[in-house]
Amino acid sequence: MELNEIRVAVLRIEGTNCEDETVHAFKNLGVEAEAVHLKQFYSDTIREEEKRNIRDYTAIVFPGGFSAGDYIRAGAIFSARIKSVLRKSLEEFIENGYPVLGICNGFQVLVELGALPAFDKTISDRPEMALGINNSGRFECRPTFLRVESRNTAFTGSIDRDIVMFPSAHAEGRVIFPDGREEEWLERLKENGQIVFRYVDPGGRYSGYPWNPNGSIYNIAGICNPDGNVLGLMPHPERSFHPYTHCSWTRGRKETGDGELFFRSILEYMMKL
Amino acid sequence: MIAEVYIELKKGVADPEGENTLKALKLLGFSTVRNVETVKMFRIHMDEEDEERARNILEDMCERLLANPVIQSYRIVMK
Amino acid sequence: MSVYLKKDLPFEVYEIDILNSDDAQLSRISEDMGLALNTDEMKRIRDYFRAKGRNPTDVELQSLAQAWSEHCCYKSSKYFLKKYLFGINAPQNILVIEEDAGVVEFDENHAYVVALESHNHPSAIEPYGGSATGIGGILRDVVCMGAQPIALVDPLFFGPLDIPFESLPKGVKHPLYLMNGVVAGIRDYGNRVGIPTVAGMIFFDEGYTGNCLVNVGCVGIAKKENIIRSRAGNAGDLFVLTGGRTGRDGIHGVTFASTELDETSEESSRGAVQLGNPIIKEPLIHACLEANEKKLLTGMKDLGGGGLSCVVGEMALSAGYGAEVYLDRVPLKEENLKPWEIWVSESQERMMLTVRPENLEEVLYIFDKWDVPANVIGRVTEDRILKVYYRDHLVYEMDIEFVTKGPEYCRPFKVEKREGEIHGRVPEPVDYLSVMRSIISHPNIASKEFAIRQYDHEVRGNTIIKPLQGIPGNESHGDSAVIKPLADSWKGLAITADVNPYYTKIDPYWGTTAAFDEMCRNLVSVNSIPHSFADCLNFGNPEKPLRLGDFQESVRALGWMARTLGIPCVSGNVSFYNETPYSYVPPTPTLMGIGIVEDVRKAVTMDIKKRGSVLILIGETKEEFGGSVYSKIRGIEMGRVPRSDPVRLKNSMEGLLSLFREFSILSCHDPSEGGIFACLAEMCIGGGIGCDVEVPDEMRKDVFLFSESTTRWIVEVREEDSRDILEFLNKRNVPTRIIGRTGGRELRFNTGTENLSISVKELDELWRSGIVSLMGG
């Protein structure tokens, strides 16, 4: 695929709120990206020129925010709506190898949808993991440092740094596996190379709070599906796209923002499709 | 028909909301509080007279939206 | 016989017999109906209806109560605001004072929009809902100018967290409960709508125990061509009400905000507290901005205090038109709302648009796309009369001018001099180190991280300088936040919120100059040019001459500072009646300052950057302990309040800003509460590096360390630049002196006789635990 064939959809419903900066991250790299309301895929009341089809796109992003107010559970309502109107075509989209990304609330949506960890099926019938309330019991907005554990994914191929800083801002980000099967789940993830990002302290050591801001098992910050083209992560790469939005950049600045490397990886993956 | 659906955290799943509430209550001087668990309840009004059928529908709601089986269990009480 | 006569209509509307009422009856009517109008105002209404030859309906009377409330018409404050503060001409002004938010030039094609408001009374009754709806309201104020909100600010004031429950007056909630609720409300609303909360303050004083203050500010950005007025477009245009449904919540909010709170307030005023729904607000913002960008609107205004009754009147009056409204077309949350309730309800998340008939379909499509209800509820008319119908019956007909142009008073006021004249009579402390430890952990200085990290301060991905600055994990409070509002420009906006009520309590005039000084210092510290400000003036009952005297002094000081410095006041809000039978708040003129950052890549932060650099103190240190944290720690009332001189401030600001242009400045921070000591301690904490400081011989140690004199900064510079920098500033008549060097793990003060030193680690721990230790872990 050529750069000019790439078209990214950042899905929105009421309450998603990181779509603008996520669209900008892609546009800054010279590709077409737009925020698309879920209704544009299915509603009869939408005018022709605003109607969209999932096949119009080569990548789909579930952005951060509080979709549908995070009522019931974070991401639950958005994922229920996806299931009712887009499930089949999304499955097809994933199976064709196109990248699907969930950031923060988007990760919660992918988990509730059953698109992650996706051990046995592209989209499982029931959620196979959960993102629970942070151990601190609070919303946590802070810089988080992540070790890149796998580069064999659609999202990390061009990240030439061991540790990246993507800020976190969430209240429900603690990765939880089914009670009693934690070890089994971890083993499967490791075996499949599905653990992509783990929280570390600024020195690169796996640490507890506040560096692991939510108490996630095994310091997991982001995981992908076995094929590596569906990724969910709690921290926000779009917020450290520019070197000048990094925390403490006045103490020493990188030439390229850590977030830019992340988004660049996605484009490079697509150009190989 | 009206049903109450209780969504609870499964045993062994940490409940930071409950723990923090416990801490706050202790701070306010309620020294006899031993434990606090958060439970969510949805009161659902349905156009369905048959209790058995209603229960089946409600279970489906729980499975598909109201509960995440990894961390939550549910209990249905018909009113 | 009753004065309330039910009209013969198929719904509930009363005629109020005021024509035959004497003064005592008028006052009883005002009380019974919760109008909060005084007898003179009631008489004025009687005269108006006498000329009409009929009695008013309850819809009309309730509407007048809204329009004439202190909250809506500023009847006690306008006189002073006009006399001292308004009318500062500055080239950057685009639309100032006259609308809900100020519009100021950002660059050739863009304007920024500023609004600041109080939400005090509702927050004292229901802190979570009160603060959340405060955020909702301030966002609408910015959106209704056609601007995208980009930052939120929240200055908060509470009683001491360690006040014993037993000592609270009846009906007053504990400050800890209030603070947790308010912070949670701001968090849940601000985070959900996706606008970063980037600045604010939390201040504790006994004076706020009975009346906490919750001020909320918002900054937005817009293309100049998209700025829209809060007035009706043309006769024949349609009034389109959008957003949430109308319910019984928030009835009498403004009349409630215009009276003192007492122990019965909780029960009697629950209805006045609105409930917010951020998940309607977020699409409402999108829909309003989309319709505005497509040039489909002729006017837009948010529904705030007074609900429909105020918004329709004000939009029509400022355009010189009249209006017709059909109340039965307003979508309701619950059935059986009486017509007057629909008319004055302050239900949240609503916005009023005026639309040309030919554009209606397109506007309705856009709102439908975002799943936001939108309904035509009336139209703009040629005459200047407002008519309200309910199910085809006329229930209201008044001249807009009479309703909307409320009374204006110059109430009696009395200026009280409270500043003592105690100079140099305070004995030096025996144990300086213990004073330092107490200062750095004082709740007004200690870390506010527990609140700041609950607010998403990075959503939208444009926060360049964050509220917490320094080494990750060691961050300290910054002076201002910096936002980069446009994708394709490096220009930025610096934002800060300031006031020190310890000073204004002693002397509202000088205290207000000090607040203005601090606002400017904080903006300059990050390398921004102070550009405009908004004020939220929180005071007690203006019907008491001493309170109004305090207000007058504060406004006079603001006017003097703003005019001399050429920094315009672009919007604001007055909140009176922050008073209970037991207490009243210290005079609290909260200021939100906006600075222009020419290039965000050149912004400066306050954390010490490296070892071996030179620390330069800019400005003069005098013995100014009045209202200082030092005086609180010592438990001694100490005279002179820190004060500012705008001419001196202007010169120093210009000197410092040109210094930033010519030299590389590693860090910059301003001494404020806790003086030079606290300033350096915060710089050390953020950088994880200590410093060695020489205390000058000619000055008492406590004056050097703890005095809170204004117009001072400490800058960290490279050793090799330090001489040139001194010369550069001296040439510009800015007082400077080298006070020390960075390095080591301690903050150390060398005097002729001893060394006072505390490790940065200990300072860090004390600073971080100051408030958290009072919150029960």
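Preceding this paragraph is the structure being described.
Residues numbered from 1 in each chain as written. Chains lettered and ligands numbered in written order. Predicted model: local features only at pLDDT ≥ 70, side-chain atom pairs only at ≥ 80, totals over all residues.

Student: Break down the pairing of strand 30 (residues 755–759) of chain C for me, citing the residues and quoting the values.
Tutor: Successive side chains on a regular strand alternate, one facing one side of the sheet and the next facing the other. Residues and elements named next belong to chain C. Only one face of strand 30 is covered, namely the one carrying Leu756 and Ile758; the face carrying Asn755, Ser757 and Ser759 has none of its residues buried. Here five bridges tie strand 29 (residues 746–750) to strand 30, and the two strands are oriented antiparallel to one another. Considered in strand 30, the bridge of glutamate 746 is made with serine 759. Between strand 29 and strand 30, which follow one another and run antiparallel, lie four residues. (Buried ≥ 20, exposed ≤ 12 C-beta atoms within 10 Å, placed from the backbone. Helix = DSSP H or I, 4+ residues; strand = E, 2+ residues; numbered from the N terminus. Pairing = 2+ DSSP bridges.)

Student: Quick one: what's the story with the interface of chain A and chain C, residue by residue and with numbers?
Tutor: Size of an interface, as often reported, equals the accessible area lost when the parts are brought together. With 32 residues of chain A at the interface, the matching set in chain C holds 33 residues. Taken together, the elements giving at least two residues each to the side of chain A that touches chain C come down to helix 1 (19–28), strand 6 (140–148) and strand 7 (163–170) of chain A. In terms of residues, the side of chain A that touches chain C owes the most to one element, strand 6 of chain A, which gives four residues. Broken down by class, the residue content of the side of chain A that touches chain C amounts to 13 nonpolar, nine polar and 10 charged. (Contact = placed C-beta atoms within 7 Å. Nonpolar A, V, L, I, M, F, W, Y, C, P; charged D, E, K, R; others polar.)

Student: Can you break down the nonpolar core residue by residue, with the values?
Tutor: If you look at the biggest cluster of nonpolar residues, it comprises 340 residues, and the most contacted ones within it are Val113(C), Val114(C), Ala316(C), Ile495(C), Leu680(C) and Cys684(C). Shared between two domains, this core takes at least three residues from each, and those domains are domain 1 (4–70) and domain 2 (83–404) of chain C. Apart from residues no more than four positions distant in its own chain, Leu680(C) is found in contact with Cys691(C), Val693(C), Ile714(C) and Leu747(C). Ranked by size, the runner-up nonpolar core spans six residues in total, among them Ile7(B), Cys62(B), Leu66(B) and Ala67(B). (Core = buried A, V, L, I, M, F, W, Y, C linked by C-beta atoms within 7 Å. Domains from an automatic or database assignment.)

Student: Please provide a residue-by-residue account of helix 2 (residues 39–52) of chain C, values included.
Tutor: Counted at 1.5 Å a residue, the expected span for helix 2 of chain C with its 14 residues is 20 Å, and the 20 Å between its end C-alpha atoms agrees. Taken from the residues just after helix 2 of chain C, Gly53(C) is the one with a positive phi, measuring 75 degrees. (Expected span 1.5 Å × (residues − 1).)

Student: Tell me what's going on with the pairing of strand 9 (residues 195–200) of chain A, and back it up with residues and numbers.
Tutor: Residue and element names in this part refer to chain A. Taking burial as the measure, the six residues of strand 9 include five buried ones, the bulk of the element. In this sheet, strand 10 (residues 220–224) lies alongside strand 9 in antiparallel orientation, the contact comprising three bridges. Counterpart to phenylalanine 197 in the pairing with strand 10 is glycine 222.

Student: Explain the sheet that holds strand 7 of chain A to me, and be specific about the residues and the numbers.
Tutor: Whether parallel or antiparallel, the strands of a sheet pair through hydrogen bonds between backbone atoms. Residue and element names in this part refer to chain A. With mixed pairing, the nine strands of this open sheet are ordered in space as 2-1-3-4-11-10-9-6-7. The sheet is open, and its two borders are formed by strand 2 (32–37) and strand 7, each paired with just one other strand. Taking the axes of each pair of neighbouring strands and ignoring which way they run, one obtains an average angle of 25 degrees across the sheet. Sitting on the sheet, helix 1 touches strand 1 (7–12), strand 2, strand 3 (59–62) and strand 4 (100–103), and the angle it makes with strand 2 is about 160 degrees. (Axes fitted to C-alpha atoms, helices over the stretch in contact; angles between N-to-C directions.)

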